Amino acid sequence: MIRLLLDKAGSGKTKKMIDMANDEIGNLKGELVFIDKDNRHIHDLHRSIRLIPANEYEIDSLSNFSGFLCGIISKDYDIEKIYIDDLNKIVSVNCSNIEPCLEELERISQKYEIEIIISATSENEYDASKYGHYSLLGSKPAMTV
């Protein structure tokens, strides 16, 4: 399952993602991975959460990101959830062309039975309505897949 947190830049998406991850870590039997553009939030995350700073890897396309994600999954067989903060900056996409990325992440999520929670910057309300078939988090009401 894919869950999306779409909102404007500076709206507190990262803090929401960190709070959600920290709240969930005690309820999981497996691992939780948090992918961020850098490691500046390392002290904000619970010590059991694996933080992966994406800027340390050469991710310049969707196929690179897909391989990167599969590599993370192959290392730890018991990953239950993956948080991806600010997908726009990691994969260099904006909400007008994010759909192929979400489709690929949905495929990976289903194949490996891992829940993926994604935040992305969206400057207009229309973007959220385009992705209503995913579970939307944040200021918009949650919708089921």
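Residues numbered from 1 in each chain as written. Predicted model: local features only at pLDDT ≥ 70, side-chain atom pairs only at ≥ 80, totals over all residues. Heavy atoms only, no water.

1. Remarks on the environment of glycine 10
Here comes step 1: When you line up the elements, glycine 10 lands in the loop between strand E1 (2-7) and helix H1 (13-24).
Here comes step 2: Taking the relative accessible area as the measure of exposure, glycine 10 reaches 81% and is therefore exposed.
Here comes step 3: For the pair glycine 10 and threonine 121, spaced 111 residues apart in the sequence, the C-alpha separation amounts to 9.0 Å. (Helix = DSSP H or I, 4+ residues; strand = E, 2+ residues; numbered from the N terminus. Buried < 20%, exposed > 50% of the residue type's maximum accessible area, 1.4 Å probe, protein only.)

2. Some thoughts on the side chain of arginine 3
Here comes step 1: Residue position: arginine 3 is located in strand E1.
Here comes step 2: Given a relative accessible area of 15%, arginine 3 falls into the buried group.
Here comes step 3: In this structure the side chain of arginine 3 is engaged in a polar contact, spanning 2.5 Å, whose partner is the side chain of glutamate 115. (Polar contact = N/O pair within 3.5 Å; in protein donor to acceptor, adjacent residues only side chain to side chain.)

3. Some details on helix H4 (residues 99-112)
Helical geometry note: an α-helix holds 3.6 residues per turn, so side chains three or four residues apart project in the same direction.
Here comes step 1: Helix length check: H4, at 14 residues, gives a terminal C-alpha distance of 20 Å against a target of 20 Å (1.5 Å per residue), a fit within 8%.
Here comes step 2: Every buried residue belonging to H4 is among Cys101, Leu102, Glu104, Leu105, Glu106, Ile108 and Ser109, and all of these are buried.
Here comes step 3: Where the residues of H4 are buried, they touch E1, helix H2 (62-75), strand E4 (79-84), helix H3 (87-91) and strand E5 (115-121). (Expected span 1.5 Å × (residues − 1). Contact = heavy atoms within 4.5 Å.)

4. What to know about the pattern of salt bridges
Here comes step 1: By the definition in use, this model includes 11 salt bridges.
Here comes step 2: Salt-bridge contacts for aspartate 86 lead to lysine 37; the nearest nitrogen and oxygen are separated by 3.8 Å. In this pair, aspartate 86 is assigned in the loop between E4 and H3 and lysine 37 in the loop between strand E2 (31-36) and strand E3 (50-53), connecting sequence segments 49 residues apart.
Here comes step 3: Look at lysine 37 and you get buried, because its relative accessible area is 16%.
Here comes step 4: A relative accessible area of 8% places aspartate 86 in the buried class.
Here comes step 5: Through salt bridges that share partners, Arg3, Glu24, Lys81 and Glu115 make up one connected network. (Salt bridge = Lys/Arg side-chain N within 4 Å of Asp/Glu carboxyl O.)

5. Things to note about H2
Here comes step 1: Under the 1.5 Å per step criterion, the end-to-end length of H2 is 20 Å for 14 residues, consistent within 8% with the ideal 20 Å.
Here comes step 2: Within H2 the residues assigned to the buried category are Phe65, Ser66, Phe68, Leu69, Ile72 and Ile73. Seen from one end, H2 has its buried residues packed into an arc of 160°, which puts them on one side. Away from the buried face of H2 by more than 90 degrees, exposed residues Ser63, Ser74 and Lys75 are located.
Here comes step 3: In this structure, the buried residues of H2 make contact with E2, E3, E4, H3, H4 and E5. (Arc of directions from axis to C-beta.)

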